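Chain by chain, the residues:
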Amino acid sequence: MTEQVLTITPGRTLREAARFMAEHNVGAAVIIDPEQPGPGIVTERDVVRSLGAGEDPDSEVVGDHLTARATFADGDWGLEDAADAMARGGFRHLVVVSNGEVEGIISMRDIMHVWRPT
């Protein structure tokens, strides 16, 4: 799990989100919106879907393109639990939440580094 979670606000444009993810070499960013009950996530896949639909990345905002029905991992899940959830849901990033607080994010890359370190 990566404990340094990169976050952006839901009002940022998709271009800003794409630039942010590219600058940090990540495929997802966590969205913290004080008006929502929990965190959200925007991924490179969300940006690509919007572009593929012909939407303008300079006017579309992150809050309108969050991954629908995001799944979150509990802080005490094992690696296999996280991998199973990701496989079932067909996604590559999983936000780890413990006691209502974002604790980290786990990616398929993280899992591969543990299971196939070389």
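Keep in mind the model is a prediction, meaning the values are calculated, not measured.

Caption draft 1: Here's a closer look at the side chain of aspartate 46. With respect to the secondary-structure elements, aspartate 46 resides in helix 2 (residues 44–52). In terms of polar contacts, aspartate 46 uses its side chain to reach the backbone amide nitrogen of threonine 43, at 2.8 Å. Beyond its immediate sequence surroundings of up to four residues, aspartate 46 is in contact with Ile41, His65, Leu66 and Thr67.

Caption draft 2: Representation of the confidence of the model for the chain. Residues with a pLDDT of 70 or more make up 98% of the chain, whose mean pLDDT is 91. Of all the helices and strands in the chain, helix 4 (residues 108–115) carries the lowest mean pLDDT, 88, while helix 1 (residues 14–23) carries the highest, 97.

Caption draft 3: How the structure looks around the packing of helix 3 (residues 79–89) against helix 4. Between helix 3 and helix 4, the least distance of the axes is 11 Å, while the angle of their chain directions is 135°. For the element pair helix 3 / helix 4, the angle class is oblique. When you trace helix 3 past helix 4, the crossing you get is left-handed. Of the residues in helix 4, those in contact with Leu79, Glu80, Ala83 and Met86 of helix 3 are Met108, Ile111, Val114 and Trp115.

Caption draft 4: View of the sheet that holds strand 1 (residues 7–8). Here three strands make up an open sheet; going across it, the order is 1-2-3 and the pairing mixed. The sheet is open, and its two edges are formed by strand 1 and strand 3 (40–43), each paired on a single side. Bridging between strand 2 (residues 28–31) and strand 3 involves four bridges; their strand directions are antiparallel. By the bridge assignment, alanine 29 is partnered in strand 3 with valine 42.

Caption draft 5: Layout of helix 2. Turning to helix 2, its buried residues are Asp46, Val47 and Ser50. Buried residues of helix 2, seen end-on, are gathered within an arc of 100° and therefore sit on one face of the element. Turned more than 90 degrees away from the buried face of helix 2, the exposed residues are Val48, Arg49 and Gly52. Of the surrounding elements, those touching the buried residues of helix 2 are helix 1 and strand 3. Once helix 2 ends, the next one or two residues include glycine 54, with phi positive near 85°.

Caption draft 6: Examining the environment of leucine 94 more closely. Its place among the elements puts leucine 94 in strand 5 (residues 93–98). Considering only alpha carbons, one finds leucine 94 and glutamate 60, 34 residues apart in sequence, at a separation of 24 Å. Residues within four places of leucine 94 in sequence aside, it is in contact with Thr71, Phe72, Ala73, Trp77, Ala82, Met86, Gly104, Ile105 and Ile106.

Caption draft 7: Here's a closer look at the pairing of strand 5. Counting buried residues in strand 5 gives five out of six residues, a clear majority hidden from the surface. Assessed by its sense of winding, the connection that carries the chain from strand 4 (residues 72–74) through helix 3 to strand 5 is right-handed. With six bridges joining them, strand 5 and strand 6 (residues 101–107) adopt antiparallel strand pairing. Looking at the pairing, leucine 94 lines up with isoleucine 106 of strand 6. Hairpin remark: strand 5 followed by strand 6, antiparallel, with two residues in the connecting loop; positive phi at asparagine 99, about 55°.

Calculation notes
- Residues numbered from 1 in each chain as written.
- Predicted model: local features only at pLDDT ≥ 70, side-chain atom pairs only at ≥ 80, totals over all residues.
- Heavy atoms only, no water.
- Helix = DSSP H or I, 4+ residues; strand = E, 2+ residues; numbered from the N terminus.
- Polar contact = N/O pair within 3.5 Å; in protein donor to acceptor, adjacent residues only side chain to side chain.
- Contact = heavy atoms within 4.5 Å.
- pLDDT = per-residue confidence, 0-100.
- Axes fitted to C-alpha atoms, helices over the stretch in contact; angles between N-to-C directions.
- Parallel < 35°, antiparallel > 145°, perpendicular 65-115°, else oblique.
- Left-handed = near helix turned anticlockwise from the far one by under 90°.
- Pairing = 2+ DSSP bridges.
- Buried < 20%, exposed > 50% of the residue type's maximum accessible area, 1.4 Å probe, protein only.
- Arc of directions from axis to C-beta.
- Right-handed = clockwise from strand over helix to strand, strands pointing away.

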